[in-house]
Amino acid sequence: MLRTVIAVVAGIALTVFGYGVFTWTAERYLPFSAEDKISKAFPLPPELRVRLERIAAFDDIEGVRNFQELLEVRLRLRALNCATAHMPAWYDSIEAVKKQARNTACFTRQDLELSTWIGLMEVGMILRQSPLRPIPTTPASTLRADAFIHGVGFAAQAGIGLFHTRKSIQALDIGSGEVLFSEPSSSGLNVSLPSANGRLFAESVPHTLSIKETETGRTLLEAPDIAGYQWVWLDQRTAVILSRSRVSFVDFSRGQFIQTELPTVFGRALAVPGKNDHYVLVDGSQAVEVALLQRDTTPVIKVMQRIDSNSEGFLGYHSALNTGQLSSDGNTFLSPTAVGGLNLLSLQSLQSQSIDTGPFEVLRVLPTPGSVKVVIEGRLKPFGKDAEDLFVVDVSHQRVAPVNGGRRVWNRLEFVPSLQRLGAINDSAFTLVDELPLGIETDVAEWRGRMIEEAAQRQMQTMTHSAPLGYAQAAPPLPISTAPVPESYAAVSSRPADTQVEVIGVYESANGRHGAGVHLPGVIDVDVRRSKLPLTLVLTSYEPITWKLHRQPGANIKQVLLSSYHPSTVEDTGKAKVIVINAGYNYKASGRRPLSGDVRSLTGATDGLFQGTYSGARFSVGDN
């Protein structure tokens, strides 16, 4: 009704007083509504108006209409929040409204919030656009960056690669190899993966994250206290921030941050294929599926299901989250386990499957075309870079094949999801791999046995070729557990007359499960060979171990002395006594060395033969 009256009055004024008087009156008194008068008296800054014009020009009718409706509400709230002391009447002039304002700083604060909201909405509209470059049917065989490549990420649904080199950040068309955008890199710069359509990426310097257009480098949004690796694109209208004090989702369709009660312990966030608004958060001890409900009104985060370190089969590992990847079909998260094996987490069911790789420590997992096979990179523990290798695991058939050339040839592999192909980084070049050359495929159990044998052989070679170390003090005693000792374990003080003392020291078993308060025993096999004198075995560790003795013909074990911080056990000792002592552990000792007081008092010997390693799998004693 009011608008009708205003229109009639305006028509009369135009007829009676003419256009000049009407224009003068309109400029000083229109519009008549209080909120509109305030908005005209305190207009948006020029840079915001430019951004509004750019959004209005988007070829997205529904998106632009949604944006303008939400913008109108926000502009009214801006006016009402900043003019609480005096609301102008319909007849007040614009100049009068300016003079009556008491809190002009409020408009500055509101405009900063509005700038963030506009940035989020523009990001959302760009995410809904078509791919920046189509996925090429015949991609460039080699992509060349401007310097040594530190890291590379590829858009899931576009022909775009984002390269972080020693010199710069570069966006490349993976079809032609053309460099679309390049900017200098700097120390401390962190870069996210590109968005699925390749049009956006996030980068951060300490304390500030920027969302940028891939093609132009234009900054759309800046957010404080977020690192690039903590920003995760999830789908066309959602991202998640894995920083601050709580996990926060970002809803681009409404331009808002959605705070949750979930703590920021999660290292990965993944969208569940085929389930809209369902996401899985993963950390070292748990995986949680959440649903984002009521997005268009009052958003609610609901936990749908959860699996943790107490659940059967789940062997998460926080430090390894960044070295895991999605399977090629997007349904499984592939990662190393806490004990160095392979873990496969289904995003659909949240069921976890692990594959024991024995002493081979998986450090990184890559998908391959199709969802059946994965590439594992790792090394034999604890031998370092000279024991690194590369294998392809057929998960469904539990088969393993070595990659010919191993890590020496295929040093830095990456998976390109849009092409469903692997590629290799070599200095400043990224070259697509048609097919990895594989050796003979074997059963997982058989392969694991070979790894155990190879680790044992390496250990023996290390002991054989190492010069004897000088005498050293035994490791300082550690408090022994007060857990009950099995009845078969006898605490005796008598000393055997003649015995050959051999000491094995480890920190942990190669296949135990340790960390984050978890101390589950792993197995260490000990081959006991014939010896000139009856053997006294001194088995020491920090973590709990199940020592399995394998007695060969002629083996003669007099007694076993057991020392560990967390209670250990020993199997297949025959008639030998098992004595729990408090002698600490020393996995760095090797060769012949002095024995600790406890061992001397129980054996009568002054020195013994030591062998050890940080993470053990198999040892051999006797035959000396």
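For every chain, the first residue of its written sequence is number 1, and the numbers climb from 1 along that sequence. Residue-level local features of this predicted model are given only where pLDDT is at least 70; pairs of side-chain atoms are given and counted only at 80 or more, and the full residue set underlies all totals for whole chains, interfaces and linings. Side-chain metrics rest on all non-hydrogen atoms present in the structure, leaving aside hydrogens and water.

Engineer: Can you walk me through the state of the cysteines in this structure?
Structural biologist: Chemically, a disulfide is nothing more than a covalent bond linking the sulfur atoms of two cysteines. Pairs of cysteine sulfur atoms within 2.5 Å are identified as disulfides in what follows. Scanning all chains against the criterion turns up one disulfide. Two residues share a disulfide in this structure: Cys82 and Cys106, whose sulfurs sit 2.1 Å from each other. Between Cys82 and Cys106 the disulfide shows an S-S torsion of about -75°. By sign, it is left-handed. Residue Cys82 is found in helix H4 (residues 61–82), and its partner Cys106 is found in helix H6 (residues 104–127); the two are separated by 24 residues along the sequence. Type-normalised accessible area, obtained with a 1.4 Å probe on protein chains alone, sets the label of each residue: buried when under 20%, exposed when over 50%, and partly exposed for intermediate values. Overall, the relative accessible area of 6% leaves Cys82 in the buried class. By the criteria applied, helices consist of DSSP H or I runs no shorter than four residues and strands consist of E runs no shorter than two, each listed in order from the N terminus.

Engineer: Just checking my understanding: could you explain the packing of helix H3 (residues 46–56) against H4 for this structure?
Structural biologist: Geometry of a packed helix pair, given as the angle between the helix axes and the separation of the axes. Following both chains from N to C, one finds H3 and H4 inclined at 145°, their axes separated by 10 Å at the closest point. Between H3, through Leu52, Ile55 and Ala56, and H4, the contact on the second element is made entirely by Val64, Phe67, Gln68 and Leu71. Charged residues are taken to be Asp, Glu, Lys and Arg, nonpolar residues to be Ala, Val, Leu, Ile, Met, Phe, Trp, Tyr, Cys and Pro, and polar residues to be all remaining types, Gly included. The residue makeup of the contact of H3 with H4, split by class, is six nonpolar, one polar and no charged. Every angle, taken between N-to-C directions, lies between 0 and 180 degrees, and every axis is a line fitted to C-alpha atoms, over only the stretch in contact when it is a helix. Note on definitions: a residue-residue contact is assigned when non-hydrogen atoms from the two residues lie within 4.5 Å.

Engineer: Can you walk me through the side chain of Ser564 in this structure?
Structural biologist: Within the secondary structure, Ser564 sits in strand E36 (residues 557–564). Here His566 takes part through its backbone oxygen, which lies 2.7 Å from a polar atom of the side chain of Ser564. Throughout this description, a polar contact denotes any pair of N or O atoms lying within 3.5 Å of each other; where both atoms belong to protein, one of them has to be capable of donating a hydrogen while the other can accept it, and for residues adjacent in sequence the pair is counted only when both atoms sit in side chains. A distance of 3.2 Å separates a polar atom in the side chain of Ser564 from a polar atom in the side chain of Ser568.

Engineer: I tried to follow the packing of H4 against H6 on my own but got confused; where do I start?
Structural biologist: At a closest axis distance of 11 Å, the pairing of H4 and H6 adopts a crossing angle of 170°. Relative to H6, the element H4 is oriented roughly antiparallel. Where H4 abuts H6, its residues Gly63, Val64, Asn66, Phe67, Leu70, Leu71, Arg74, Leu75, Arg78, Asn81 and Cys82 lie against Cys106, Phe107, Gln110, Asp111, Leu114, Trp117, Met121 and Met125. Here the word oblique covers every angle except those under 35 degrees (roughly parallel), over 145 (roughly antiparallel) and from 65 to 115 (roughly perpendicular).

Engineer: Would you explain the sheet that holds strand E7 (residues 200–205) in this entry?
Structural biologist: Reading across the sheet, the four strands line up as E6-E7-E8-E9 and stay open at both edges, with antiparallel pairing between neighbours. The sheet is open, and its two edges are formed by strand E6 (190–191) and strand E9 (219–224), each paired on a single side. For strand E8 (residues 208–213) and E9, the ladder comprises five bridges, and the chain directions are antiparallel. Opposite Leu209, over in E9, you have Ala223 as the bridge partner. Along the sheet, H6 makes contact with E7, E8 and E9, crossing E9 at roughly 125°. DSSP calls a pair of strands paired once it identifies at least 2 bridges connecting them.

Engineer: Sorry if this is basic, but what is going on with the packing of aromatic side chains here?
Structural biologist: Two aromatic rings are characterised by how far apart their centres lie and by the angle between their planes. By convention, a stacked pair of Phe, Tyr or Trp rings (six-membered ring in the case of Trp) has centres within 6.5 Å and planes under 30 degrees apart, an edge-to-face pair has planes over 60 apart, and any other such pair is tilted. Using the criterion set out here, one finds 19 aromatic pairs in the structure. Ring centres of Phe67 and Trp117 lie 5.2 Å apart, and the angle between their planes is 15°; this geometry places the pair in the stacked category. Of this pair, Phe67 sits in helix H4 while Trp117 is found in helix H6, placing the two residues 50 residues apart along the sequence. One exposure class covers both Phe67 and Trp117, and it is buried. Geometrically, the ring pair formed by Phe154 and Phe430 is tilted, given 5.2 Å between the ring centres and 45° between the ring planes. Of this pair, Phe154 sits in strand E2 (residues 149–154) while Phe430 sits in strand E28 (residues 429–433), and the two are 276 residues apart along the sequence. For the pair Phe154 and Phe430, a shared accessibility class is recorded, and that class is buried. The rings of Tyr507, Tyr542, Tyr565, Tyr585, Tyr587 and Tyr614 are connected pair by pair, giving a single aromatic cluster.

Engineer: Would you mind showing me how to read the pattern of salt bridges here?
Structural biologist: As a working rule, side chains carrying opposite charge can pair if their charged atoms are close by. For salt bridges, the criterion is a side-chain nitrogen of Lys or Arg within 4 Å of an Asp or Glu carboxyl oxygen. Counting across every chain of the model gives 24 salt bridges. In this structure, Arg450 and Glu446 form a salt bridge, with 2.8 Å as the shortest nitrogen-oxygen distance. You can see Arg450 and its partner Glu446 sitting in helix H8 (residues 444–465), four residues apart, about one turn around the helix. Looking at Glu446, the relative accessible area reads 42%, which means it is partly exposed.

Engineer: In this structure, what is going on with unusual backbone geometry? I would like to understand it.
Structural biologist: Residues apart from glycine generally show negative phi values, whereas peptide bonds are mostly found in trans. Despite not being glycine, Asp277 shows a phi value in the positive range, around 65°. Residue Asp277 is classed as buried on the basis of its relative accessible area of 17%. Of note in this structure, Asp572 is not a glycine but carries a positive phi near 60°. Here Asp572 lies in the loop between strand E37 (569–571) and strand E38 (577–580). Note on Asp572: relative accessible area 46%, which makes it partly exposed.

Engineer: Quick question: what am I supposed to make of the sheet that holds strand E27 (residues 421–426) here?
Structural biologist: Hydrogen bonds between backbone atoms are what pair the strands of a sheet, whose relative direction is either parallel or antiparallel. The strand order across the open sheet formed by four strands is E1-E28-E27-E26, and the pairing between neighbours is antiparallel. What marks the edges here is a single partner per strand, and that holds for strand E1 (142–144) and strand E26 (413–416). Averaged over all adjacent pairs, the angle separating strand axes in this sheet is 25°, with direction ignored. Summarising the sheet, E26 and E27 pair through four bridges and their orientation is antiparallel. Bridge assignment links Val416 to a residue of E27, and that residue is Arg421.

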